[in-house]
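# Structure assessment
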Amino acid sequence: MTGGAILEITGLVVAYGRAEAVIKSLDLTIDRGDALGLVGMNGAGKSTLLRAISGRLHPRAGRVLFEGEDISSARLSELPRKGLVLLPEGHRVLRNLTVRENLEIATMALRPAEVRRRLNETLPLVHEMFPVLADRSNQVAGLMSGGEQQMLSISRALIQKPKLLLLDEPSLGLAPLIIDRIYESLTVLRDRGIAMLIVEQNSDRVVRATNRMVVLRDGSITAEGDSASLDASTIHAAYF
Ligand code: ATP
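Per an unreviewed UniProt entry, the chain carries the name ABC transporter ATP-binding protein and comes from Geodermatophilus sabuli. Within the UniProt record for the chain, the comment given under Sequence similarities (unreviewed entry) is "Belongs to the ABC transporter superfamily."

Right under this line is the structure:
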């Protein structure tokens, strides 16, 4: 299926407990095939928004529709099966398990035969994008570099067959060359039709890897537009 919205957020309000809302009546649409970049400074509410979309926090008000279905109060465990997958901040992998085990366990909710089928389907792409993971299949993940762990983290997300991938600061703490590799892999995934919402603090790389950009400040959108036409000074003004 191409065209049309994969994610539609309307009037979203998100808060922690009784505190003042962090996300304040936010509207946002992501179309199929879109790569949307969302930037904003520390504390703007970026991670909170991702938590609300991915079912980790339930909104105080508003709706989140995924492929037309209201997922505002969906259980966390249901969403990856629908194709909505979050790649959390800080390349989380299971450090004591091997690379292979990390990939197998990403499909834990499936029956064993289905796990094998899913791995057979996805591993060629994973190994093509990140050959190092093929070489290190039996290596304990916690002993790999931060960049390699991020590659594994992306691969774990991929095994879940995402239709929409939410990425929370995929470049955080990584060296520039590794960030380039990670962003190249995101371009490959996008070419395969996976929509994405990429959250970063800085716009430099994300603007080149996306077709649309949104700036978030204090829980509200302060600028949005095509990545190609939104110039650095507009982003800067909206950011601060
Ligand atoms: P960063 O780039 O630093 O991760 P961010 O844009 O992702 O920032 P959030 O982490 O969403 O911002 O934080 C937005 C606001 O929500 C901040 O004021 C923060 O203190 C508050 N906040 C975040 N997590 C919690 C929590 N678990 N409980 C209470 N308040 C929280």
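For the rest of this paragraph, the subject is helix α7 (residues 176-191). Helix length check: α7 (16 residues) gives 23 Å between terminal C-alpha atoms against 22 Å at 1.5 Å per residue, within 8%. Ile179, Ile182, Tyr183, Ser185, Leu186 and Leu189 are the residues of α7 that are buried. All buried residues of α7 fall inside an arc of 155° around its axis, so they share one side. Those residues of α7 that are exposed and aimed more than 90 degrees away from the buried face are Pro176, Leu177 and Asp191. Buried positions along α7 lie against α4 (112-129), α6 (146-159), β7 (164-168), β8 (195-200) and α8 (204-209).

A separate point is the sheet that holds β8. Across the sheet, which stays open at both edges, the six strands sit in the order β6-β7-β8-β3-β9-β10 with mixed pairing between neighbours. What marks the edges here is a single partner per strand, and that holds for β6 (84-87) and β10 (220-226). Between one strand and the next, the sheet's axes are offset by a mean angle of 15°, whatever the strand orientation. By the bridge criterion, five bridges tie strand β3 (residues 35-39) to β8 in an arrangement that is parallel. Note that in β8 the partner of glycine 37 across the bridge is isoleucine 198. Docked against the sheet, α6 engages β6 and β7, running at close to 170° with respect to β6. Contacts from α7 reach β3, β7 and β8, with the element oriented near 155° to β8.

By secondary structure assignment, the location of aspartate 168 is in strand β7. Notably, aspartate 168 is buried but unbridged: the nearest opposite-charge side chain belongs to arginine 51, and the N-O separation is 5.8 Å. Within the structure, aspartate 168 has its side chain in polar contact with the side chain of serine 47 (distance 3.0 Å). Residue contacts for aspartate 168: discarding those within four places in its chain leaves Ser47, Leu50, Leu87, Pro88, Glu89 and Val199.

The rules behind the values
Residues numbered from 1 in each chain as written. Predicted model: local features only at pLDDT ≥ 70, side-chain atom pairs only at ≥ 80, totals over all residues. Heavy atoms only, no water. UniProt positions renumbered as here; feature names shortened; annotations may be inferred. Helix = DSSP H or I, 4+ residues; strand = E, 2+ residues; numbered from the N terminus. Expected span 1.5 Å × (residues − 1). Buried < 20%, exposed > 50% of the residue type's maximum accessible area, 1.4 Å probe, protein only. Arc of directions from axis to C-beta. Contact = heavy atoms within 4.5 Å. Pairing = 2+ DSSP bridges. Axes fitted to C-alpha atoms, helices over the stretch in contact; angles between N-to-C directions. Lys, Arg positive; Asp, Glu negative; His and termini not counted. Salt bridge = Lys/Arg side-chain N within 4 Å of Asp/Glu carboxyl O. Polar contact = N/O pair within 3.5 Å; in protein donor to acceptor, adjacent residues only side chain to side chain.

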